[in-house]
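Structural description and commentary
Chain by chain, the residues:
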Amino acid sequence: MTIAITGATGQLGRLAIAATRTRGASPIALVRSPEKAADLGVGARAFDYDKADPAALKGVDTLVLISANEVGKRFAQHKAVIDAAKAAGVKRIIYTSLLKGDASPMKLAAEHVETEAALRASGIAYTILRNGWYSENLTGALAPAIEHGTIIGSAGEGRYSAAARADYAEAIAVTAIEAGHENKIYELAGDTGFTGADLAAEVARQAGKPVGYVNLPEADYAKALEGFGLPAGFAAILADSDAQTAKGALFDDSKTLSRLIGHPTTPLTATVAAALA
């Protein structure tokens, strides 16, 4: 069985390649610039979400479609990849979607919902991995928070069931290699939910400095994100994601992810420690 992984030089893609290799497979890395994949230890093929070429998917049995990162363009890109996979005779597509899928109130969910529908309509067998929040989304820029003693957001007392990217990458590897995951949808999230205040307390504990959580109205949080240099549209989507977290959009206590990968998900303490290292 030949496995290929899109976005293989991205943060999740690199981990998915490594996790798949750990389980004894040698996937093909699909990347815009194959020379950037030289350190992955696998074969690489040129592949572009915007100009998906069926020839690049020749001989591929299972295609891992890691969702593109250009919000607003993603569905068109994903549809192009699905069409190319069908033309190339790919037998199954594994897609990284968003927790709760069509039941999610988050603006970020829209293109994922469209992609899931396109997958079901394609006639290709699918596995949909509805990923919760990556812990690294919340720990990626802790230095300013520690400096100013504040983590800001709009999640209120809502809980993030976040897990490390490496955990989600393992789920990709498991479902790509093992049998029995055809036409299945998995809601994936961390084992233990936490609030923004919990995150701030853990950062304060490990940094040895006072850090608190300040909850902002959604519009104010979006403006703050713009002030950090994010485009207005993307800032609005992230602020909406936080506001919907306050309503439970990113909470899931099914522990499906840990059962799938065979061990507990990475705890917040470890993700914070890695970010502060």
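This structure is a prediction, so every number in the text was calculated from the model and none was measured.

Next up on the list: the sheet that holds strand β4 (residues 62-65). Sheet strands pair by backbone hydrogen bonding; their relative direction is either parallel or antiparallel. A sheet is described by the order of its strands in space; here seven strands give the open sequence β3-β2-β1-β4-β5-β6-β8, paired in parallel fashion. At either end of the open sheet lies a strand with only one pairing partner, and these are β3 (44-46) and β8 (184-188). Mean inter-strand twist for the sheet, computed between neighbouring axes without regard to direction, equals 20°. Bridge count between strand β5 (residues 92-98) and strand β6 (residues 125-131): seven bridges; the pairing is parallel. From the neighbouring strand, isoleucine 94 faces β6, where its bridge partner is threonine 127. In the packing of helix α2 (residues 74-88) onto the sheet, the strands contacted are β4 and β5, and the crossing angle to β4 comes to about 175°. Most of the contacts of helix α3 (residues 110-122) go to β5, to which it runs at about 160°, and overall it touches β5, β6 and β8.

Core analysis: the biggest nonpolar cluster contains 52 residues, and Leu57, Leu63, Val64, Ile93 and Leu188 have the highest contact counts within it. The element best represented in this core is helix α6 (residues 165-177), accounting for six residues. Not counting residues up to four positions away in its chain, the partners in contact with isoleucine 93 are Leu63, Leu65, Ile82, Ala85, Leu119, Ile124, Ala125, Tyr126 and Thr127. Ranked by size, the runner-up nonpolar core spans 25 residues in total, among them Leu138, Ala155, Tyr213 and Leu250.

Here glutamate 202 lies in helix α7 (residues 196-207). At a separation of 2.6 Å, a polar atom in the side chain of glutamate 202 contacts the side chain of glutamine 206. Sequence-distant contacts of glutamate 202, that is, excluding residues within four places in its chain, are made with Leu268, Thr269 and Val272.

To continue, consider the pairing of β4. Neither face of β4 is open: one carries Thr62 and Val64, the other Leu63 and Leu65, and all of them are buried. Inspection of the sheet shows strand β1 (residues 3-6) paired to β4 by three bridges, in the parallel sense. Note that in β4 the partner of isoleucine 3 across the bridge is threonine 62. Summarising the sheet, β4 and β5 pair through four bridges and their orientation is parallel. Across the sheet, leucine 65 pairs through a bridge with tyrosine 95, a residue of β5. With respect to chirality, the unit in which β4 leads through α2 into the neighbouring parallel β5 is right-handed.

Criteria and cut-off values
- Residues numbered from 1 in each chain as written.
- Predicted model: local features only at pLDDT ≥ 70, side-chain atom pairs only at ≥ 80, totals over all residues.
- Heavy atoms only, no water.
- Pairing = 2+ DSSP bridges.
- Helix = DSSP H or I, 4+ residues; strand = E, 2+ residues; numbered from the N terminus.
- Axes fitted to C-alpha atoms, helices over the stretch in contact; angles between N-to-C directions.
- Contact = heavy atoms within 4.5 Å.
- Core = buried A, V, L, I, M, F, W, Y, C linked by side-chain atoms within 4.5 Å.
- Buried < 20%, exposed > 50% of the residue type's maximum accessible area, 1.4 Å probe, protein only.
- Polar contact = N/O pair within 3.5 Å; in protein donor to acceptor, adjacent residues only side chain to side chain.
- Right-handed = clockwise from strand over helix to strand, strands pointing away.

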